[in-house]
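A structural walkthrough
Spelled out, the chains give:
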Amino acid sequence: MDDISDGFISISDKLTIYPDFSFEQFKHTKFYKNQDGIKMIYLDGQQIIDDRKYTVNVVILQI
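Residues numbered from 1 in each chain as written. Predicted model: local features only at pLDDT ≥ 70, side-chain atom pairs only at ≥ 80, totals over all residues. Heavy atoms only, no water.

Here we take up the nonpolar core. Counting 12 residues, the largest nonpolar core is built from Ile 11, Leu 15, Ile 17, Phe 21, Phe 23, Phe 26, Phe 31, Ile 41, Leu 43, Ile 49, Val 56 and Val 58. Listing elements by their share of this core, those giving two or more residues are strand 2 (15-17) and helix 1 (23-26). Excluding anything up to four places from it in sequence, Ile 17 contacts Gly 7, Phe 8, Ile 9, Ile 11 and Val 58. (Core = buried A, V, L, I, M, F, W, Y, C linked by side-chain atoms within 4.5 Å. Buried < 20%, exposed > 50% of the residue type's maximum accessible area, 1.4 Å probe, protein only. Helix = DSSP H or I, 4+ residues; strand = E, 2+ residues; numbered from the N terminus. Contact = heavy atoms within 4.5 Å.)

Next comes the structure, spelled out in structure tokens:
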């Protein structure tokens, strides 16, 4: 993981979540599959973070 104390979390080499990360930005990732911007987003498959496998769910609120 990157620096979670600053709010940066690397989900994969293709997706890093950080403060002010928007749903519009998420729509341009390989993980976007027409998910709703208000509901929970489930990423397909397990993601490897710090050499450990995780199931990742992300909530991105549109404000």
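Another point: a nonpolar patch on the surface. On the surface, a cluster of nonpolar side chains totalling about 310 Å² of accessible area is made up of Met 40, Tyr 42 and Val 59. Mapped onto the elements of the fold, Met 40 is located in strand 3 (residues 40-42). (Patch = residues over 30% accessible without salt bridge, like charges linked within 9 Å, V, L, I, M, F, W, Y side chains within 5 Å. Areas by Shrake-Rupley, 256 points an atom, 1.4 Å probe, with all protein chains shown as cover. Salt bridge = Lys/Arg side-chain N within 4 Å of Asp/Glu carboxyl O.)

Next up on the list: the side chain of Gln 47. Along the chain, Gln 47 turns up in strand 4 (residues 47-49). Polar contacts involving the side chain of Gln 47 include one to the main-chain carbonyl oxygen of Asp 44, which spans 3.1 Å. Gln 47 has contacts with Ile 11, Ser 12, Phe 31, Arg 52, Lys 53, Tyr 54 and Val 56, leaving out every residue within four places of it along the chain. (Polar contact = N/O pair within 3.5 Å; in protein donor to acceptor, adjacent residues only side chain to side chain.)

Going through the model one piece at a time under the given rule, you end up with five aromatic pairs. On the numbers, 5.7 Å between centres and 20° between planes, the contact of Phe 8 with Tyr 18 is stacked. Of the two residues, Phe 8 is situated in the segment before strand 1 (9-12) and Tyr 18 in the loop between strand 2 and helix 1; the sequence distance between them amounts to 10 residues. We classify Tyr 18 as partly exposed; its relative accessible area is 27%. Residues Phe 23 and Tyr 32 carry aromatic rings whose centres are separated by 6.0 Å and whose planes lie at 80° to one another, so their mutual orientation is edge-to-face. The class of Phe 23 is buried, set by a relative accessible area of 6%. Taking relative accessible area as the criterion, Tyr 32 reaches 24% and is therefore assigned partly exposed. A network of ring pairs unites the aromatic residues Phe 8, Tyr 18 and Phe 21 as a single cluster. (Phe/Tyr/Trp six-rings, centres within 6.5 Å; stacked < 30°, edge-to-face > 60°.)

Once that is clear, we can look at the environment of Ser 12. With respect to the helices and strands, Ser 12 occurs in strand 1. Separated by 36 residues in sequence, Ser 12 and Ile 48 have C-alpha atoms that sit 6.7 Å apart. Residue contacts for Ser 12: discarding those within four places in its chain leaves Phe 31 and Gln 47.

Spatial relationships are all this shows, so hold off on functional conclusions.
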